[in-house]
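Secondary and tertiary structure notes
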Amino acid sequence: MSKNGVDQGKRRFLLAASSIAGGVAVVATATPFVLSMLPSAKALAAGAPVEVDISKIEPGSYVTVAWRGKPVWVTYRTQAMLDQLPKNDPNLRDPDSNESEQPSSCKNVYRSIKPQYLVHVNICTHLGCAPLLRKQVGDPTLGASWPGGFFCPCHGSRYDMSVRVFKDVPAPLNMVIPPYAYKTDTRVIIGQDKASS
Ligand code: FES
């Protein structure tokens, strides 16, 4: 991919990070008392769990949060996206995620606790760029056989909607699924695995 593609990937990540930082600053101004009960920035950087409201995510869309300084996405997959996943298996490098990182609760074709919601660290396993969501089946920029998934603009790695890497691309592994748990049906805690808490 072009140098421009690299810059754009980094730019998106920096924009996401600065947006998150900006959001924290707004909360700090408006509700200093509440903030005092939340994990400090130092604790967050060290790995304190992060809570996410997933109730407003539209099907096919996602939200991002920072956890341990990494961009974590929560994506609401449609039924059509879920139905496509098993069909991708023959074209994947590690379809069963035997070599890839995820909690045991997510070692399945969906790589998630609840099929609809994918929670993943959006860092390419090649050299760490930020892949883009390319959910459209047959996206003209990716070819008629494209089943929908994630595309890394830096060197062209491709992942499906379970962030499992396709064969014959530079990335060696599926993207990472972090530990997480459902606090309620609409609130997810990133960084806390119920099984170990
Ligand atoms: S960093 Fe993603 S393909 Fe190289």
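Residue positions within a chain follow its written sequence, with the count starting from 1. Local features are withheld for residues below a pLDDT of 70 in this predicted model, meaning they are given only at 70 or higher, and side-chain atom pairs are given and counted only at 80 or more; totals for whole chains, interfaces and linings count all residues. As a rule here, side-chain values cover all heavy atoms of the structure and leave hydrogens and water aside.

1. A look at the side chain of S112
- Only DSSP runs of H or I covering at least 4 residues are called helices, and only runs of E covering at least 2 are called strands; the numbering of each starts at the N terminus. Counting through the fold element by element, S112 comes out in the loop between α4 (79-88) and β4 (117-121).
- Overall, the relative accessible area of 2% leaves S112 in the buried class. Partly exposed residues are those whose accessible area sits between 20% and 50% of the maximum for their type, while under 20% is buried and over 50% is exposed, using a 1.4 Å probe and protein chains only.

2. As for the packing of aromatic side chains
- Stacked, edge-to-face and tilted labels apply to pairs of Phe, Tyr and Trp rings (six-membered ring for Trp) whose centres lie within 6.5 Å, assigned for plane angles under 30 degrees, over 60, and everything in between, in that order. If you walk through the whole model with that rule in mind, you get five aromatic pairs.
- Linked through ring pairs, Y62, W73 and F150 together constitute an aromatic cluster.
- Only when the NZ of Lys or the CZ of Arg is both within 6 Å of the ring centre and within 35 degrees of the ring normal is a charge said to sit over the ring. Over the ring of Y182 we find K114, and its NZ or CZ is 4.2 Å from the ring centre.

3. Re the pattern of salt bridges
- Should a side-chain nitrogen of Lys or Arg be within 4 Å of a carboxyl oxygen of Asp or Glu, the pair is scored as a salt bridge. What the rule picks out here adds up to five salt bridges.
- The shortest N-O distance in the salt bridge between E51 and K183 comes to 3.2 Å. Placement of E51 in strand β1 (residues 50-53) and of K183 in strand β8 (residues 180-184) is noted, with a sequence separation of 132 residues between them.
- A salt bridge links D160 to R164; its shortest N-O distance comes to 2.8 Å.

4. Focus on the side chain of N88
- Along the chain, N88 falls in helix α4.
- Given a relative accessible area of 3%, N88 falls into the buried group.
- Polar contacts involving the side chain of N88 include one to the side chain of Q84, which spans 2.7 Å.
- In contact with N88, not counting residues within four places along its chain, are P147, D160, R164 and F166. The definition of a polar contact used here is a pair of N or O atoms within 3.5 Å, where within protein one atom must be able to donate a hydrogen and the other to accept one, and adjacent residues in sequence count solely through side-chain atom pairs. Residues count as neighbours in contact if any of their non-hydrogen atoms are within 4.5 Å of one another.

5. Focus: the pairing of β8
- In the sheet, β8 pairs with strand β9 (residues 187-190) via four bridges, with the strands oriented antiparallel. Residue pairing in the sheet places A181 in a bridge with I189 of β9.
- If you look at the hairpin formed by β8 and β9, you'll find two residues sitting between the two strands. Note: two strands are recorded as paired if DSSP finds a minimum of 2 bridges between them.

6. Quick look at the environment of G47
- Relative to the helices and strands, G47 resides in the loop between α3 (41-46) and β1.
- On the accessibility criterion, G47 (13% relative accessible area) is buried.
- With 20 residues separating them in the primary sequence, G47 and W67 have C-alpha atoms 6.7 Å apart.
- Setting aside anything within four residues of it in sequence, one finds G47 in contact with W67 and R68.

Treat this as a map of the structure, not an account of what it does.
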